[in-house]
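# Structural characterization, general
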Number of protein chains: 2
Amino acid sequence: MNVFVIGIGLIGGSMVKDIKRLMPNVTIYGIDAKQEHIDEALSLGIIEEQANYSQLPIADVVIVSIPVDAMIKELPKILDAVNDDCVVFDAGSTKLQICKVLDEHPKRRNFLACHPISGTEFSGPSAAINGLYEGKTNIICEVEKTAFKLQERALELFQTLGMRIRYMNPEAHDKHIAYVSHLSHISSFMLGKTVIEKERNERDIFDMAGSGFESTVRLAKSSPAMWTPIFKQNKENVVETLEGYIKNLTEFKKMLLADDYDGIYNEMNNTNKIKEILNGIPQTKNKV
Amino acid sequence: MNVFVIGIGLIGGSMVKDIKRLMPNVTIYGIDAKQEHIDEALSLGIIEEQANYSQLPIADVVIVSIPVDAMIKELPKILDAVNDDCVVFDAGSTKLQICKVLDEHPKRRNFLACHPISGTEFSGPSAAINGLYEGKTNIICEVEKTAFKLQERALELFQTLGMRIRYMNPEAHDKHIAYVSHLSHISSFMLGKTVIEKERNERDIFDMAGSGFESTVRLAKSSPAMWTPIFKQNKENVVETLEGYIKNLTEFKKMLLADDYDGIYNEMNNTNKIKEILNGIPQTKNKV
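As the structure is a prediction and not an experimental result, all values here were calculated from the model.

In this section: the relation of the copies chain B and chain A. For the pair chain B and chain A, the superposition axis carries a translation of 0.0 Å, the fit reaches an RMSD of 0.0 Å, and the rotation angle comes to 180 degrees. Considering both components of the superposition, the chain copies are consistent with a two-fold axis. The C-alpha atom lying nearest the rotation axis in chain B is that of Thr 216 of chain B; the distance is 2.2 Å. Here 100% of the interface residues in chain B have copies in chain A that are interface residues too; the copies meet face to matching face.

On to empty space enclosed by the protein. Tallying each qualifying case throughout the model produces one cavity of 30 Å³ or more. Looking at the largest cavity, its volume works out to about 570 Å³. As for the largest cavity, its lining consists of 39 residues, and the residues nearest its centre are Ile 11, Ser 93, Ser 118, Met 226 and Trp 227 of chain A. Those elements giving two or more residues to the lining of the largest cavity turn out to be helix H1 (10-22), helix H3 (68-81), strand E6 (111-117), helix H6 (170-198) and helix H8 (224-233) of chain A together with helix H7 (211-216) of chain B. In terms of residues, the lining of the largest cavity owes the most to one element, H6 of chain A, which gives four residues. Within the lining of the largest cavity, the residues separate by chemical class into 18 nonpolar, 18 polar and three charged.

Next up on the list: the domain arrangement of chain A. All names here are of chain A. Entries for chain A in the domain assignment read domain 1 (2-169) and domain 2 (173-279). Taken over C-alpha atoms, the centre of domain 1 sits 30 Å from the centre of domain 2. In this assembly, 19 residues from domain 1 lie in contact with 13 residues from domain 2. With both chains or domains summed, domain 1 and domain 2 bury close to 1400 Å², and 60% of this area falls on carbon and sulfur atoms. On inspection of domain 1 and its partner domain 2, the count reaches two salt bridges. Measuring nitrogen to oxygen at the nearest pair gives 2.7 Å for the salt bridge that ties Arg 218 to Glu 121. Where domain 1 meets domain 2, there are nine residue pairs in polar contact (both at pLDDT 80 or more). Taken together, the residues of the side of domain 1 that touches domain 2 sort by class into nine nonpolar, seven polar and three charged.

A few words now on the pattern of salt bridges. The tally for this structure, following the rule as stated, stands at 38 salt bridges over all chains. Two residues, Arg 21 of chain B and Asp 18 of chain B, come together in a salt bridge whose shortest N-O distance is 2.7 Å. With Arg 21 of chain B and Asp 18 of chain B both in helix H1 (residues 10-22), this residue pair falls three residues apart, about one helical turn. Through salt bridges with shared partners, a single ionic network connects Lys 193 and Glu 197 of chain A together with Lys 247, Glu 251 and Glu 267 of chain B.

On to the sheet that holds strand E3 (residues 49-50) of chain B. Within a beta sheet, neighbouring strands are joined by backbone hydrogen bonds and run either parallel or antiparallel to one another. Taken in spatial order, the eight strands of this open sheet run E3-E2-E1-E4-E5-E6-E7-E8 (chain B), and their pairing is mixed. Of all the strands in the sheet, just E3 and strand E8 (164-168) of chain B have a single pairing partner and so form its edges.

Residue and element names in this part refer to chain B. Of all five residues in strand E1 (residues 2-6), five are buried, a share of seventy percent or more. Neither face of E1 is left uncovered, since the one carrying Asn 2, Phe 4 and Ile 6 and the one carrying Val 3 and Val 5 both have all their residues buried. In terms of handedness, the path from E1 via H1 over to strand E2 (residues 27-31) forms a crossover that is right-handed. Looking at chain direction, E1 and strand E4 (residues 61-64) are connected through four bridges and run parallel. Of the residues in E4, the one forming a bridge with Phe 4 is Val 62.

Another aspect to go through is the nonpolar core. Grouped together as the largest cluster of nonpolar side chains are 122 residues, with contacts concentrated most on Val 62 and Val 88 of chain A together with Val 62 and Val 88 of chain B. Filtering out sequence-adjacent residues up to four positions away, Val 88 of chain B remains in contact with Val 62, Val 64, Leu 75, Ile 78, Leu 79, Val 82, Asn 110, Phe 111 and Leu 112 of chain B.

Attention shifts here to the sheet that holds strand E1 (residues 2-6) of chain A. All names here are of chain A. Strand order in this open sheet of eight strands is E3-E2-E1-E4-E5-E6-E7-E8, and the pairing throughout is mixed. Of all the strands in the sheet, just strand E3 (49-50) and strand E8 (164-168) have a single pairing partner and so form its edges. Relative to strand E7 (residues 137-141), E6 runs antiparallel, the two sharing five bridges. Residue pairing across strands places Ala 113 opposite Cys 141, the latter belonging to E7. Lying on the sheet, H1 is in contact with E1, strand E2 (27-31), strand E4 (61-64), strand E5 (87-90) and E6; it crosses E1 at an angle near 165 degrees. Strands E1, E4, E5 and E6 of the sheet are contacted by H3, whose axis makes an angle of about 175 degrees with E5.

It is common to give the size of an interface as the accessible area lost on bringing the parts into contact. Facing 98 residues of chain B, the contacting portion of chain A comprises 98 residues. Together, the buried faces of chain B and chain A total about 9700 Å²; carbon and sulfur atoms form 67% of this surface. Where chain B meets chain A, there are 10 salt bridges. Notably, a salt bridge pairs Lys 193 of chain B with Glu 251 of chain A, separated by 3.8 Å at the nearest N-O pair. Residue contributions to the side of chain B that touches chain A peak at 20 residues, all from helix H6 (residues 170-198) of chain B. Here the residues of the side of chain B that touches chain A sort into 43 nonpolar, 29 polar and 26 charged.

What follows is about the side chain of Asn 2 of chain B. With respect to the helices and strands, the residue Asn 2 of chain B is situated in strand E1. What Asn 2 of chain B contacts, discounting residues up to four positions off in sequence, is Thr 27, Tyr 29, Ile 58, Ala 59, Asp 60 and Val 61 of chain B.

Our next topic: helix H3 (residues 68-81) of chain B. All names here are of chain B. Taking 1.5 Å of rise per residue, 14 residues should cover 20 Å, and H3 covers 20 Å from first to last C-alpha, within 8% of that figure. In the structure, H3 departs most strongly from a straight axis at Glu 74, where the bend amounts to approximately 40 degrees and where the proline Pro 76 lies between one and four residues downstream. Within the sequence span of H3, burial applies to Val 68, Met 71, Glu 74, Leu 75, Pro 76, Ile 78 and Leu 79. For H3, the secondary structure elements touched by its buried residues are E1, E4, strand E5 (87-90), helix H4 (96-102), strand E6 (111-117) and helix H8 (224-233).

Assignment of secondary structure puts Thr 271 of chain B in helix H10 (residues 261-271). When its relative accessible area of 2% is taken as the criterion, Thr 271 of chain B is described as buried. Sequence spacing of Thr 271 of chain B and His 105 of chain B is 166 residues, and the spatial spacing of their C-alpha atoms is 45 Å. Once residues lying within four places of it in the same chain are set aside, the contact partners of Thr 271 of chain B are Phe 189, Gly 192, Lys 193, Ile 196 and Ala 220 of chain A.

Each value, and the rule that gives it
Residues numbered from 1 in each chain as written. Chains lettered and ligands numbered in written order. Predicted model: local features only at pLDDT ≥ 70, side-chain atom pairs only at ≥ 80, totals over all residues. Heavy atoms only, no water. Least-squares fit on C-alpha atoms with pLDDT ≥ 70 in both. Contact = heavy atoms within 4.5 Å. 1 Å grid on protein atoms, 1.4 Å probe; cavity = no way out; pocket = protein on both sides within 12 Å on 5 of 7 lines; lining within 4 Å. Points joined across faces, edges and corners; volume = space filled by probe spheres on them. Helix = DSSP H or I, 4+ residues; strand = E, 2+ residues; numbered from the N terminus. Nonpolar A, V, L, I, M, F, W, Y, C, P; charged D, E, K, R; others polar. Domains from an automatic or database assignment. Buried area = accessible area lost by both parts, 1.4 Å probe. Salt bridge = Lys/Arg side-chain N within 4 Å of Asp/Glu carboxyl O. Polar contact = N/O pair within 3.5 Å; in protein donor to acceptor, adjacent residues only side chain to side chain. Pairing = 2+ DSSP bridges. Buried < 20%, exposed > 50% of the residue type's maximum accessible area, 1.4 Å probe, protein only. Right-handed = clockwise from strand over helix to strand, strands pointing away. Core = buried A, V, L, I, M, F, W, Y, C linked by side-chain atoms within 4.5 Å. Axes fitted to C-alpha atoms, helices over the stretch in contact; angles between N-to-C directions. Expected span 1.5 Å × (residues − 1). Bend = angle between axes of the 7 residues up to and from the residue.

In structure tokens form, the structure reads like this:
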């Protein structure tokens, strides 16, 4: 099986590492706009051969893991180039514009719109790791528009990687992901900014940053080149989440100014149920 | 050596676990307002004997790890009860009001104002773990007000636990900790609230929550009983951090509404230096 990965970073790189490790008789071809990524991926053994679009006709599977603005430009060309029995899937964090741009493409049936929800704050080929997708959720949109046989090939691959599948329409995907992913990134970036601004002249102060700050600000290490086009494509939903978030922060501040500590306690106590939600286990009463 | 821990949860419990493990000839006495905490701590082997304030005269070291509002009420009584050769230190996340309330106490020299910066989002005796303080920072305030011999005893203990010491005045502590700790907690609680509010009727949507959301919202699992009095005591500084944070989020939203994606890219790129700050290593250029 010939697997092409277009955009060899954390997402695509990790995926082909696992495919090579877990599936028999696979050859991994890599395409990337940056020659340094190709060289790094070759030397790390993430890909076996450098390739270009003219070789796409030999592909059985094409994984497209590039920023979502590039996705919109490249996916139609990629579909143009592949053969009729090839499945192309993306790994973009937005789905609506990607699905729209391909809706009328003559090879729409060769495309599967995916969002494997996994990652770290690191980027580039060196960030690729084994097992990134084990136990993680892969959102698939408009599955009915993909040829049945090609759905099957992709699903077998996702199963081998240990992913759980959820089907969703692109509108719902973009709306919900704005809350559970895009807002987290902005909240983290702006937290980092606020603290850096304040502490600019007192770098030693970061000695005081415990593990709490580190985990909350972790996503502020993410790649701006990847995230700017995500926010652009999902602007409307992201603005809505930001408005809700700013409103809640402002209300918290007002309670603090009004010395409403019962209100503050209740806010936190109600939000504690995030434990239950994240773990799927019953919440235990807080202990001091 | 007789070590008393008053308030046996994550902070005090973890500390006496390490003291017992790492120091010879120590007996651990536990005091807690909740009998269930005492019972749990005894059965977990965190403390050896249940005690009360009337036994404090036999203490060599007293660790006070209770919510900061209780701290203000209890620390004067604890100091009243201990002998002249006992060192009492606290582990409160605020320092100004605690130092103020003890400033004129006849046994001020027996008190060392501390903030060991470590923790997890869990609470209660069962949350106590070994090695919680290894490599972590302990902020000590107004060290000059503590008897030299008692400073020494406490520092030896902190060294045994692997902590780094930083000296700071209480005003600076409270100001800076508002940025690197208190704001993180509010940002996380309000993120959790915003997402829960939105997704109330669609619980399955949390399937979409990747590790990014989980780490950003982790602190929203923290104990409201511990955090409400912290926000109360550090109100002025916390309000200032919230204002800065809300301002930055609002500006980000405005850039998004104005389609200023270069601005958004630059915001994130500038904030990426948080990597460098947190790791103390030179930042590498982001790769897509």
